[in-house]
2 protein chains.
Amino acid sequence: MGRPSVQDQRKKEVLDAFMTCVALYGVEGATLEHIAAEAGLKRPLIRHHLGNRKAMVLALGEHIADTLSSQSEMLRVALEDHPGVRNLIEALFNSDGELDPRINICYQALVNSVENYPELRKPLLDSMETFYKVAINIVLASHPNADKQACEIVAHGIVNLFITTDAFIPLKPPKTWGYSSYFAALKLAETLETKS
Amino acid sequence: MGRPSVQDQRKKEVLDAFMTCVALYGVEGATLEHIAAEAGLKRPLIRHHLGNRKAMVLALGEHIADTLSSQSEMLRVALEDHPGVRNLIEALFNSDGELDPRINICYQALVNSVENYPELRKPLLDSMETFYKVAINIVLASHPNADKQACEIVAHGIVNLFITTDAFIPLKPPKTWGYSSYFAALKLAETLETKS
DNA sequence: AAGTAAACTGTCAAGTTAGACAGTAAACTA
DNA sequence: TAGTTTACTGTCTAACTTGACAGTTTACTT
């Protein structure tokens, strides 16, 4: 049967290194050399595992989408026993390093490359949609009497506020920026309380 | 006195082309060839006007920061006679093409490059701060009796919701995404009404 | 121990990119 | 018209980047 394949594992490692480089240099700036150095491998190995550049970018798109989707699932499971909008907000804003900020940065970089790699659009769109869906369901579950549309809007808003906060991380902004988004999310959540 | 200088004008044109390319290919992916083609000039001219690559990136940082600041000023002036949070939200979300979405995309790309170009941090931080300040003052002006901190939070929230909406534009998302941010911003604004 | 399938390495060729600089053309002044 | 300043072009070099592929090593099977 020959040497055992570590392709699945290696692929993940390389994609992780790719993710780091895209976050730092942008999609086209993440060269094979950068990725190889980051992954601790020789350059030709990158190609061996992920194929040529286009295949790599598309694989990264799938990877980011999968990661976002599985993070959504983790969020859903984590809040299954402790529902409540409040807990959703805490999970998003006060998850100390549990949610990898590279994913958001990388996601944005890929979004901006959709024109060059149209195949990226669907996975990116779908994975964000599931993220929103999870948030919406959490909000709906904790406010069964509230207006359905209002819940969707609040959920979208909370997620979007989180996204912006995450996007500013490389800037090392004053803490007030993060706090404001956090409190704005809480305010949004409160709009459901008063109506119920 | 020799041939009249068009440097100021050309510089702006080249920076505009640079902005377009960064939005499309990322900071490191925006090559001189791309920029030259976009600007309709020969490659060496880019260098003539903006200097080497590092100088170009820093110049773009200043340019984006200046543009953001002047857009903030325009917003301030436009809403001077028609204050009100509602009008702020309309101006942000329903400005049909008046606010260039490339600026936001480019801003994000530059934020992610702060580690490679540390000098970018200050202008990016300062210009976003003035954007927030303008929004805060508009909110404060229309709700003089409301809690000051609440106004700041709402203003931050509205701006951040707008930023996320703008960031998704290259994805061509379903209209509901944009609407949700818009309505979430309105809901945030309403939290001030009920308390006054 | 021989066979084998996969991971891994070394290296070359083609294309692209940034940087540098000499030189030309254009638009003004005296 | 001569001089001057600036915009602009052509072109060379060095470095970088991707793609390709032959060859080696590793780890498992029979």
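Scroll up to find the structure this text is about.
Residues numbered from 1 in each chain as written. Chains lettered and ligands numbered in written order. Predicted model: local features only at pLDDT ≥ 70, side-chain atom pairs only at ≥ 80, totals over all residues. Heavy atoms only, no water.

Undergrad: Teacher, can you tell me more about the overall build of chain A here?
TA: Looking only at helices and strands, chain A has 9 helices and 0 strands in total. Walking chain A from its N terminus toward its C terminus, one meets helices and strands in the order α-α-α-α-α-α-α-α-α. Seen through its principal axes, chain A has C-alpha atoms that stretch 60 × 45 × 30 Å. When the 196 residues of chain A are sorted by exposure, 51% land in the buried category. A separation of at least 24 residues holds for 70% of the contacts in chain A among residues at least 6 apart in sequence. Approximately 9600 Å² of chain A is accessible, and the part contributed by carbon and sulfur atoms is 53%. Positive and negative side-chain charges of chain A, numbering 20 and 24 respectively, have mean locations separated by a distance of 6 Å. (Helix = DSSP H or I, 4+ residues; strand = E, 2+ residues; numbered from the N terminus. Buried < 20%, exposed > 50% of the residue type's maximum accessible area, 1.4 Å probe, protein only. Contact = heavy atoms within 4.5 Å. Areas by Shrake-Rupley, 256 points an atom, 1.4 Å probe, with all protein chains shown as cover. Lys, Arg positive; Asp, Glu negative; His and termini not counted. Charge placed at Lys NZ, Arg CZ, Asp CG, Glu CD.)

Undergrad: Just to check I follow, could you spell out the relation of the copies chain B and chain A for this structure?
TA: Rotating chain B by 180° and moving it 0.0 Å along the rotation axis overlays it on chain A with an RMSD of 0.0 Å. These values place the two chain copies in the arrangement generated by a two-fold rotation axis. A shared interface surface links the copies, since 100% of the contact residues of chain B are contact residues in chain A too. (Least-squares fit on C-alpha atoms with pLDDT ≥ 70 in both.)

Undergrad: Explain the interface of chain B and chain A here, please?
TA: How big an interface is tends to be stated in terms of the accessible area lost upon association of its parts. Each partner contributes to the interface: chain B provides 45 residues, whereas chain A provides 45 residues. Across the chain B to chain A interface the summed buried area is about 4000 Å²; carbon plus sulfur atoms make up 65%. Three residues stand out in chain B for area buried against chain A, namely B:Leu171, B:Trp177 and B:Lys187, and they jointly supply 17% of the buried area on that side. Every element with two or more residues in the side of chain B that touches chain A is listed here: helix 1 (7–25), helix 6 (101–111), helix 7 (121–142), helix 8 (148–167) and helix 9 (175–195) of chain B. Element by element, the count of residues in the side of chain B that touches chain A is highest for helix 8 of chain B, at 10 residues. Class assignment of the residues belonging to the side of chain B that touches chain A gives a composition of 26 nonpolar, 12 polar and 7 charged. (Buried area = accessible area lost by both parts, 1.4 Å probe. Nonpolar A, V, L, I, M, F, W, Y, C, P; charged D, E, K, R; others polar.)

Undergrad: In this structure, what is going on with the packing of helix 5 (residues 85–93) of chain B against helix 7 of chain B? I would like to understand it.
TA: In a pair of packed helices, the angle between the axes and the distance between the axes together describe the arrangement. All names here are of chain B. With their axes 8 Å apart at the nearest point, helix 5 and helix 7 run at an angle of 145° to one another. Here helix 5 contributes Val85, Leu88 and Leu92 to the contact with helix 7, which in turn contributes Phe131, Ala135, Ile138, Val139 and Ser142. Residue composition of the contact of helix 5 with helix 7, by class: 7 nonpolar, 1 polar and no charged. (Axes fitted to C-alpha atoms, helices over the stretch in contact; angles between N-to-C directions.)

Undergrad: What exactly am I supposed to notice about the protein's contact with DNA strand C here?
TA: As a matter of local geometry, DNA strand C sits amid 24 residues, with A:His48, B:Met1, B:Leu32, B:Arg43 and B:Arg47 nearest to it. If you look at DNA strand C and keep only atoms within 4 Å of the protein, 69% of those are sugar or phosphate atoms. In the environment of DNA strand C, a phosphate oxygen lies 2.8 Å from a nitrogen or oxygen atom belonging to the backbone of B:Leu32. In the environment of DNA strand C, a phosphate oxygen lies 3.2 Å from a nitrogen or oxygen atom belonging to the backbone of B:Arg53. Among the secondary structure elements, those contributing two or more residues to the surface near DNA strand C are helix 1 (7–25) and helix 3 (43–50) of chain A together with helix 2 (32–39) and helix 3 (43–50) of chain B. Top element by residues in the surface near DNA strand C is helix 3 of chain A. It accounts for 5 residues. Along the lines of polarity and charge, the residues of the surface near DNA strand C split into 7 nonpolar, 8 polar and 9 charged. (Near = heavy atom within 4 Å. Polar contact = N/O pair within 3.5 Å; in protein donor to acceptor, adjacent residues only side chain to side chain.)

Undergrad: I'm lost on the protein's contact with DNA strand D in this one. Help?
TA: A:Leu32, A:Arg43, A:Arg47, B:Arg3 and B:Lys42 are the nearest of the 23 residues found near DNA strand D. Backbone sugar and phosphate groups make up 69% of those atoms of DNA strand D lying within 4 Å of the protein. Between DNA strand D and A:Arg47 there is a distance of 2.3 Å, counted from a phosphate oxygen to a side-chain nitrogen or oxygen. Only helix 3 of chain A together with helix 1 and helix 3 of chain B provide two or more residues apiece to the surface near DNA strand D. With 5 residues, the top contributor of residues to the surface near DNA strand D is helix 3 of chain B. In terms of residue class, the surface near DNA strand D is made up of 7 nonpolar, 8 polar and 8 charged.

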